[in-house]
Amino acid sequence: MDANLYLWIILGLIGLSFIWNEILDYLNLKAHQQPLPEELKGKFDEAKYAKSYDYHHTNYRFGLIQGILGLLVSLAVIGLGWLGDIDSWLRGMLPEGSFWLPLAFFGLLYIVSDVLTLPFQLYKIFVIEERFGFNKMTPALFVKDKIKGYLLAAIMGGLVLGILLWLVDWLGESFWIWFWGFITIFSLFMTVFYSSVILPIFNKLTPLEEGELRSAITSYARGVDFPLDNIFVIDGSKRSTKANAFFTGLGKRKRIVLYDTLIEKQSTEELVAVLAHEVGHYKKKHIVQSLVIGTIQMGAILFILSRFVMSPALSTALGGESYAIHLNLIAFGLLFSPISMLIGIFLNRFSRKNEFEADHFAASTYRAAPLSEALIKLSEENLSNLTPHPLYVFMHYSHPPLIQRLRALSAHE
Ligand SMILES: [Zn+2]
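Cut-offs applied
Within any chain, residue numbers begin from 1 and follow the written order of that chain's sequence. This being a predicted model, a pLDDT of at least 70 is required before a residue's local features are given, and a value of 80 or more before pairs of side-chain atoms are given or counted; all residues contribute to the totals for chains, interfaces and linings. Think of the side-chain values as coming from all heavy atoms in the structure, minus any hydrogens and water. For helices the rule is a DSSP run of H or I covering at least 4 residues; for strands it is a run of E covering at least 2, with both sets numbered from the N terminus onward. Three labels apply to residues, based on accessible area from a 1.4 Å probe with only protein chains included: buried if under 20% of the type maximum, exposed if over 50%, partly exposed otherwise in between. In this description, contact between two residues means that some pair of their heavy atoms is separated by no more than 4.5 Å. The convention is simple: Lys and Arg are positive, Asp and Glu are negative, and His and the chain ends are not counted. Charge coordinates come from a single atom per side chain, which is NZ of Lys, CZ of Arg, CG of Asp or CD of Glu. In the sections that follow, a salt bridge refers to a side-chain nitrogen of Lys or Arg positioned within 4 Å of a carboxyl oxygen of Asp or Glu. Strand pairing requires that DSSP identify at least two bridges connecting the strands. Helix axes use the C-alpha atoms of the stretch in contact, all axes being lines fitted to C-alpha atoms, and the angles between their N-to-C directions lie in the range 0 to 180 degrees. Metal-coordinating donors are taken as N, O and S atoms lying within 2.8 Å of the metal, or within 3.2 Å when the metal is Na, K or Ca; because water is left out, some sites can appear incomplete. Under the classification used here, a metal with four donors is tetrahedral if each angle lies between 85 and 135 degrees, square planar if opposite donors are over 155 degrees apart and the others between 65 and 115, a six-donor metal meeting that same test is octahedral, and anything else is irregular. Centres within 6.5 Å make a pair out of two Phe, Tyr or Trp rings, where for Trp the six-membered ring is used; the pair is then stacked when the planes are under 30 degrees apart, edge-to-face when over 60, and tilted otherwise. In this scheme, the term charge over a ring applies when either NZ of a lysine or CZ of an arginine sits within 6 Å of the ring centre and within 35 degrees of the ring normal. The span you would expect from a helix comes to 1.5 Å times its residue count less one. These descriptions rest on fixed angle ranges, namely under 35 degrees for roughly parallel, over 145 for roughly antiparallel, 65 to 115 for roughly perpendicular, and the rest for oblique. Gly is placed with the polar residues, together with every amino acid not listed as nonpolar (Ala, Val, Leu, Ile, Met, Phe, Trp, Tyr, Cys and Pro) or charged (Asp, Glu, Lys and Arg). Nonpolar core, defined: a set of buried Ala, Val, Leu, Ile, Met, Phe, Trp, Tyr and Cys residues in which side-chain atoms within 4.5 Å join the residues together.

1. As for the overall build of the chain
Across its full length, the chain carries 16 helices and 4 strands. Over its C-alpha atoms, taken along the principal directions, the chain stretches across nearly 65 × 45 × 40 Å. In the chain, buried positions account for 46% of the 413 residues. Contacts spanning at least 24 positions in sequence make up 75% of the contacts within the chain whose residues lie at least 6 apart. Across the chain, 35 positive and 36 negative side-chain charges occur, with their mean positions spaced 4 Å apart.

What follows is the structure, encoded as structure tokens:
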């Protein structure tokens, strides 16, 4: 295909994806604009419900402004061939055929886009989250996180990209099989060590303290044969009052992580129910299934990428004077975006099914009522949208909306 056609397809996709996302956000905001659902009357704090609309409305306006500016910048950068200009500029500074060119290109792009979005990142945390009482982040912590984030991106991104470039250099189009092998091992490694290596860079994880909660959890965990050493508390409170819990890892490195903010707000029974839900994710092998799906999907994407990775027309489409693998990778990512969207829909659907399964596990091995209570409290505290638009849920929700989960749980009572 010729470069001009690629360029128009890419610009069209950027425009369409903006319009589509704005329509979804708008529908979702409108769906939120209704009285508290009948089934939650008396169970859900009315004041929190009103506040949740305010919160989402504020985020909607913020997202709209950010979306419009993002659209204009993307169209300008791509349409005017600025990526090609950056490529030419870097080529002038590096020795001919340098291995470092793509790494420098992506590094520079990472920094520029982070600097451009910095005002939005700051406004979101220190104005919006602050106004709604969520923010606990200090400017000093923000800077620390930023530095750590940059270092992590340089090490991880540099490693993955470096291996990819080396394989493409060496094997051409058949790079994909070897890179697939590498990325599979890498993801496995990241899944296993996430909570013991990556997470501690940003947060402190401590084993659950002795006390009422630990004894209650002990008796439940014994009953379902889940080792107690794998339950940790994370200091989420240093950034936000929002609460959460999650399951991560594999084998001996599996962990259930409870936010300190969750422990602070929920009763012992509710916490055991939340933990039972997380144990459900483990017992139903959700992490292993996600890894398998991710691996298959990665193989398919890499195979398709291998058909495009050497094509000079993709580089030219982005304004490059000649073939450049980094321009091709970006063009491929943009052309591939509709398929990424479909994959996202599938993965979210899979994740929502898993959430129902984990709820079901908790209700069968513990009880449904405290889990319902815990979920209601979580939605209240996190100012969740109780009535999201079905299309928005279909596209973006990794968890089923509260009401659906409560209905499924009430079948257990
Ligand atoms: Zn879950």
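2. Concerning the pattern of salt bridges
Applying the stated criterion across every chain, the model contains 14 salt bridges. Here Lys 377 makes a salt bridge to Glu 270, at a shortest N to O gap of 2.9 Å. Within this pair, whereas Lys 377 is found in helix 14 (residues 368-381), its partner Glu 270 is found in helix 9 (residues 268-283), the two being separated by 107 residues in sequence. Residue class for Lys 377 comes out partly exposed when judged on its relative accessible area of 23%. Via salt bridges that share partners, Lys 124, Glu 129 and Lys 242 belong to a single interconnected network.

3. Some remarks on the sheet that holds strand 4 (residues 255-259)
Pairing in this open sheet of 4 strands is mixed, and the strands run 1-2-4-3 from one edge to the other. Where the open sheet ends on each side, the last strands, each with one partner, are strand 1 (205-207) and strand 3 (245-248). Between one strand and the next, the sheet's axes are offset by a mean angle of 30°, whatever the strand orientation. Here strand 3 runs beside strand 4; their pairing, made up of 4 bridges, is antiparallel. Across the sheet, residue Phe 246 finds its bridge partner in strand 4, namely Val 257. Against the sheet, helix 6 (residues 175-202) touches strand 1, strand 2 (231-234), strand 3 and strand 4, its axis set at about 130° to strand 3.

4. Some details on the coordination of the zinc ion
Note on the zinc ion: its protein donors are His 277 (NE2), His 281 (NE2), Glu 355 (OE) and Glu 355 (OE). The metal-donor distances range over 2.0 to 2.7 Å. With 4 donor atoms in place around the zinc ion and angles of 52 to 136° between them, the coordination shape is irregular. Read N to C, the donor residues that coordinate the zinc ion are spaced as H-x3-H-x73-E. Taken together, the residues span about one helical turn, with His 277 and His 281 both in helix 9 at a distance of 4 residues.

5. Describing the environment of Glu 270
You can call Glu 270 buried: its relative accessible area is 8%. It is 9.8 Å that separates the C-alpha atoms of Glu 270 and Ala 368, two residues lying 98 residues apart in sequence. In contact with Glu 270, other than residues within four places in its own chain, are Pro 370, Glu 373, Ala 374 and Lys 377.

6. Some words on the packing of aromatic side chains
Under the criterion given, the structure shown has 24 aromatic pairs. Here Phe 247 and Tyr 282 contribute two aromatic rings whose centre-to-centre distance is 5.6 Å and whose plane-to-plane angle is 35°, an arrangement assigned as tilted. With Phe 247 in strand 3 and Tyr 282 in helix 9, this residue pair connects regions lying 35 residues apart in the sequence. Overall, Phe 247 belongs to the buried group, its relative accessible area being 10%. A relative accessible area of 28% means that Tyr 282 is categorised as partly exposed. Aromatic ring contacts, followed pair by pair, group Phe 175, Phe 179, Phe 182 and Phe 186 into a single cluster. Sitting over the ring of Tyr 366, Arg 367 keeps its end group 5.3 Å from the ring centre.

7. Observations regarding the pairing of strand 3
Burial of the side chains of strand 3 extends over both faces: Ala 245 and Phe 247 are buried on one face and Phe 246 and Thr 248 on the other. Linking two consecutive strands that pair antiparallel, namely strand 3 and strand 4, is a turn of 6 residues; a positive phi of about 90° is found at Gly 249 within it.

8. Some points on the pairing of strand 4
Consecutive side chains of a regular strand alternate in pointing toward one face of the sheet and then the other. Taking burial as the measure, the 5 residues of strand 4 include 5 buried ones, the bulk of the element. Summarising the sheet, strand 2 and strand 4 pair through 4 bridges and their orientation is parallel. Directly across from Val 233, in strand 4, lies its bridge partner Leu 258.

9. Observations concerning helix 9
Helical periodicity: at 3.6 residues per turn, an α-helix aligns residues three or four positions apart in one direction. Spanning 16 residues, helix 9 covers 22 Å between terminal C-alpha atoms, matching the ideal 22 Å at 1.5 Å per step. Buried residues dominate helix 9, accounting for 12 of its 16 residues. Within the sequence span of helix 9, burial applies to Glu 270, Leu 271, Val 272, Ala 273, Val 274, Leu 275, Ala 276, His 277, Glu 278, Val 279, Gly 280 and His 281. Looking at the residues trailing helix 9, positive phi occurs at Lys 285, about 60°.

10. Things to note about helix 12 (residues 325-335)
Counted residue by residue, helix 12 has 9 buried out of 11 residues, so it is predominantly covered. The set of residues buried in helix 12 consists of Ile 325, His 326, Leu 327, Asn 328, Leu 329, Ile 330, Ala 331, Phe 332 and Leu 335.

11. A look at the packing of helix 14 against helix 16 (residues 402-410)
Running from N to C, helix 14 and helix 16 point in directions that differ by 170°, and their axes come no closer than 10 Å. Classified by the angle their axes make, helix 14 and helix 16 are roughly antiparallel. On helix 16, the residues that touch Ala 368, Leu 371, Ser 372, Leu 375, Ile 376 and Ser 379 of helix 14 are Leu 402, Arg 405, Leu 406 and Leu 409. In terms of residue class, the contact of helix 14 with helix 16 is made up of 7 nonpolar, 2 polar and 1 charged.

12. Concerning the nonpolar core
Ranked by internal contacts, the top residues of the largest apolar core, which has 48 residues, are Leu 40, Ile 217 and Leu 262. Where this core is concerned, the elements lending two or more residues are helix 7 (212-223), strand 2, strand 3, strand 4, helix 9, helix 13 (337-365), helix 14 and helix 16. Ignoring anything within four residues of it in the chain, the contact list for Leu 40 reads Ile 376, Leu 386, Leu 402, Ile 403 and Leu 406. Counting 23 residues, the second largest nonpolar core, distinct from the first, contains Leu 71, Ile 78, Leu 83 and Leu 335.

All quantities given are derived from atomic positions and should not be read as evidence of function.
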